[in-house]
Amino acid sequence: MSAPITDVAESLFTAIEAGDRDAVSRLWSEDIVVWKTADRDRDKQRALRVIDWFIGATTRRRYEILDRELFDGGFVQQHILHATGRTGGDIEMRVCLVVRVNSDGLITSIAEYFDPAEIAPLLQQP
């Protein structure tokens, strides 16, 4: 593997915290599949639009890592996503991810589990 799984994980969350969409894109394989609670599978471009929305809707993002377990070819992580919305709403959203990483160090799939109601403060109008 070109990059240890822990490096890939750290790079992903650091990029999102920094609002660096291009760094996120570079970490994802072209054929990535992203599955979110209450949503269908997404291809890379659709999933990047979600990242674009999240970065644009927030002024501050921070991951509080509760647990990360590595397995051959990926990791499972539980975290609390702390974010402040541009309209002033804050979230503290508990999330569980299952992430698969290929031998090139690129993320090939993400399964994300969270309560969709917890993102509501970011959807509020000013």
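Conventions we followed
Residue positions are given per chain, counted from 1 along the sequence in the order it is written. At least 70 in pLDDT is required for a residue's local features to be given in this predicted model, at least 80 for side-chain atom pairs to be given and counted, and no such filter applies to totals for whole chains, interfaces and linings, which use all residues. Hydrogens and waters are ignored; side-chain quantities use all the structure's heavy atoms. Salt bridges are identified by distance alone: a Lys or Arg side-chain nitrogen within 4 Å of an Asp or Glu carboxyl oxygen. Secondary structure elements follow DSSP: runs of H or I of four or more residues count as helices, runs of E of two or more count as strands, with numbering from the N terminus. To sort residues, take the accessible area from a 1.4 Å probe on protein chains only and compare it with the maximum for the residue type: under 20% means buried, over 50% means exposed, and anything in between is partly exposed. For two strands to pair, DSSP has to find at least two bridges joining them. Interaxial angles span 0 to 180 degrees and are taken between N-to-C directions of axes, which are lines fitted to C-alpha atoms, for helices over the stretch in contact. Residue contacts are counted whenever heavy atoms from the two residues lie within 4.5 Å of one another. By convention, a stacked pair of Phe, Tyr or Trp rings (six-membered ring in the case of Trp) has centres within 6.5 Å and planes under 30 degrees apart, an edge-to-face pair has planes over 60 apart, and any other such pair is tilted. In this analysis the charged atom, NZ for Lys or CZ for Arg, is taken to sit over a ring once it is within 6 Å of the ring centre and within 35 degrees of the ring normal.

S.K.: Summarise the pattern of salt bridges; cite the residues concerned and give the values.
M.R.: Per the stated rule, a full pass over the model turns up four salt bridges. As a salt-bridge pair, aspartate 52 and arginine 21 come within 2.8 Å of each other at their nearest N and O atoms. Of the two residues, aspartate 52 sits in helix α3 (residues 44-57) while arginine 21 sits in helix α2 (residues 21-27), which places them 31 residues apart along the sequence. Assessed through its relative accessible area of 31%, aspartate 52 is described here as partly exposed.

S.K.: Tell me about the sheet that holds strand β5 (residues 107-114), and please be specific about residues and values.
M.R.: Strand pairing in a sheet is mediated by backbone hydrogen bonds. Such pairs are either parallel or antiparallel. Spatially, five strands are ordered β1-β5-β4-β3-β2 in an open sheet, and the strand pairing comes out mixed. Two strands bound the open sheet, and with one partner strand each, they are β1 (28-36) and β2 (58-71). Shown here is a sheet whose adjacent strand axes are inclined to one another by a mean of 25°, direction ignored. The sheet contact formed by β2 and strand β3 (residues 74-85) spans 12 bridges and is antiparallel. Residue pairing across strands places arginine 60 opposite threonine 84, the latter belonging to β3. Along the sheet, α3 makes contact with β1, β2, β3 and β4 (90-101), crossing β1 at roughly 70°.

S.K.: If you had to explain the packing of aromatic side chains to someone new, which residues and values would you point to?
M.R.: Taken as a whole, this structure holds three aromatic pairs when the rule is applied. An angle of 50° between the planes, with centres 5.1 Å apart, marks the rings of tryptophan 35 and tyrosine 113 as tilted. With a gap of 78 residues between them, tryptophan 35 in strand β1 and tyrosine 113 in strand β5 connect regions that are remote in the sequence. Under the relative-accessibility criterion, tyrosine 113 is labelled partly exposed at 40%. Sitting over the face of the ring of phenylalanine 75, arginine 68 holds its NZ or CZ atom 5.7 Å from the ring centroid.

Note that every value here comes from positions in space, so none of it alone points to a role or purpose.
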